[in-house]
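The primary structure of each chain is shown beneath.
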Amino acid sequence: MVVKDQDKTTFRTNSGTYCYKMMPFGLKNAGSTYQRLMDKEFKPQIGRNLEVYMDDLVIKSKTEIAMLKDVEETFKTLRLISMKLNPGKFSFGMEEGKFLGVIVTNGGFKANPEKLEAVLKMPSPKSIKQASNQGPGLADFIAEIPQGKEEECRKEAEPPVDQQKDKVWKLFTDGASNDKGAGTGLRITNPEGQHFTYAIYLEFKSTNNEAEYEALLAGLRISKKLGAQHLEAHVDSMLVANQIDGSYDAKDDKMASYLAQAKVLMAAFATGKVKHIKRSENKQENALSKLASFGFEHLAKDVRIEVLTMHSTMNREVYVCSEAETNWMTPIVCYLARGILLEKKVEARKIRHKALNYTIQDDILYMRSYLGPLLRCVDPQDANYLLREIHEGICGVHAGPRMVVAKIMNT
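Residues numbered from 1 in each chain as written. Predicted model: local features only at pLDDT ≥ 70, side-chain atom pairs only at ≥ 80, totals over all residues. Heavy atoms only, no water.

Draft legend 1. Region of interest: the pattern of salt bridges. Using the criterion set out here, one finds six salt bridges in the structure. The closest approach of N and O atoms between E73 and R48, which form a salt bridge, is 2.7 Å. Pair noted here: E73 is in helix 3 (residues 64-80) and R48 is in the loop between helix 2 (30-41) and strand 3 (50-53), with a separation of 25 residues, a long-range link. A relative accessible area of 48% means that R48 is categorised as partly exposed. Linking E232 and K273 is a salt bridge whose minimum nitrogen-to-oxygen distance equals 3.9 Å. Separated by 41 residues along the polypeptide, E232 in strand 11 (residues 230-235) and K273 in strand 12 (residues 271-276) bring together distant segments of the chain. On the basis of relative accessibility, which here comes to 12%, the residue E232 falls in the buried class. What makes K273 partly exposed here is its relative accessible area of 45%. Linked by salt bridges that have partners in common, E232, K273 and K275 make up one network. (Salt bridge = Lys/Arg side-chain N within 4 Å of Asp/Glu carboxyl O. Helix = DSSP H or I, 4+ residues; strand = E, 2+ residues; numbered from the N terminus. Buried < 20%, exposed > 50% of the residue type's maximum accessible area, 1.4 Å probe, protein only.)

This is the structure in structure tokens:
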């Protein structure tokens with residue numbers, strides 16, 4: 001910040017009077033000032049090999065050699081204006097990425113699946129007011145579709161063919177344990193042939209058989225999150241494969257716990273089976289598990305890493321919950337979920353009007369906010385619990401009433 005402008009940001013605290021030496025984004029005109037800086041300094045590159053909006057920079061290159069030159073040119077400009085980059089937020093050599101809400105690829109623009117999903121899930125308006133509220137959002141979405149890409153976006157929005165659900169996902173896992181530690185490696189292949197590679201470090205003592213089970217359980221959990229319905233798992237542990245198909249008995253308590261957990265996860269798929277393969281057919285996963293048991297320093301950047309701090313079979317705390325009682329959310333949920341209103345016309349009209357400000361996602365009631373994210377609704381019992389936790393300092397130090405209210409709204 002220019003020295004002569006620093007005193008204009010002066011503010012007082014209990015410990016003294018301070019001002020900003022660096023420009024904070026909290027200032028009203030900070031965003032426009034920052035954008036002017038970026039436009040001025042990167043003017044020779046913008047439109048040629050660089051696009052910039054606020055703190056988002058995209059270097060666009062047609063070849064690998066050109067990319068190295070473009071990156072070098074960009075870094076020289078960054079050094080001239082003493083600007084630093086966050087190492088955890090930039091990537092090189094990407095063929096596809098998100099920029100300003102649009103998916104940019106080496107072949108052009110693609111529709112953003114997240115925004116398509118939001119539009120597809122948007123309920124049909126039931127009143128003029130709802131239609132007027134949804135109109136600007138749809139207009140903004142349509143405005144973001146690149147010119148000439150309408151047909152491509154329409155195809156992206158079409159629901160997937162049911163035959164896709166019948167295709168089989170493949171999972172390959174391996175676990176390793178040594179005196180340095182334990183780790184697992186797994187590879188998931190979807191029906192289109194795309195690979196997802198994971199390395200998991202186990203922060204607890206584990207035998208080789210336990211590591212093999214941890215690899216399988218992690219693979220089953222990840223496959224389900226990726227949307228797999230039909231799964232074929234391949235393991236090179238004969239013990240694990242034969243215990244799951246019933247050929248071997250799990251006499252050890254630990255193995256019995258792992259077996260029970262594996263059967264629960266397998267039941268979540270429409271179809272699922274575990275096959276035993278030779279270690280020679282599982283070389284990649286075997287190498288990953290051994291590397292993960294030592295750490296992540298030698299892993300490739302495209303390998304997704306994770307750390308497990310406890311056994312997958314550890315007993316979780318079980319909370320006994322009483323049966324849900326009728327509360328302020330019940331009429332709204334009944335109306336939004338099943339279209340049921342109260343018998344009294346006056347009360348029914350109030351609920352119908354009030355429900356416009358709410359939505360249900362994954363069976364959870366949320367209140368729409370004007371500028372921020374959806375606000376999760378809680379019943380009186382949960383509200384009481386939140387108040388007690390915040391008052392006792394679990395969300396920070398004790399503060400005044402206004403700060404406590406702000407924390408409650410942000411919880």
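This is not the end of the story, as more comes after the structure.
Draft legend 2. Structural context of the sheet that holds strand 14 (residues 358-361). What the three strands build is an open sheet, ordered 14-15-16; its pairing is antiparallel. Strand pairing shows two members of the sheet lacking a second neighbour, strand 14 and strand 16 (375-376), which therefore form its edges. Note that strand 15 (residues 364-367) and strand 16 share two bridges and pair antiparallel. Bridging from a neighbouring strand, Y366 pairs with R376 of strand 16. Packing of helix 11 (residues 330-338) onto the sheet brings it into contact with strand 14 and strand 15, and relative to strand 14 it is tilted by some 65 degrees. (Pairing = 2+ DSSP bridges. Contact = heavy atoms within 4.5 Å. Axes fitted to C-alpha atoms, helices over the stretch in contact; angles between N-to-C directions.)

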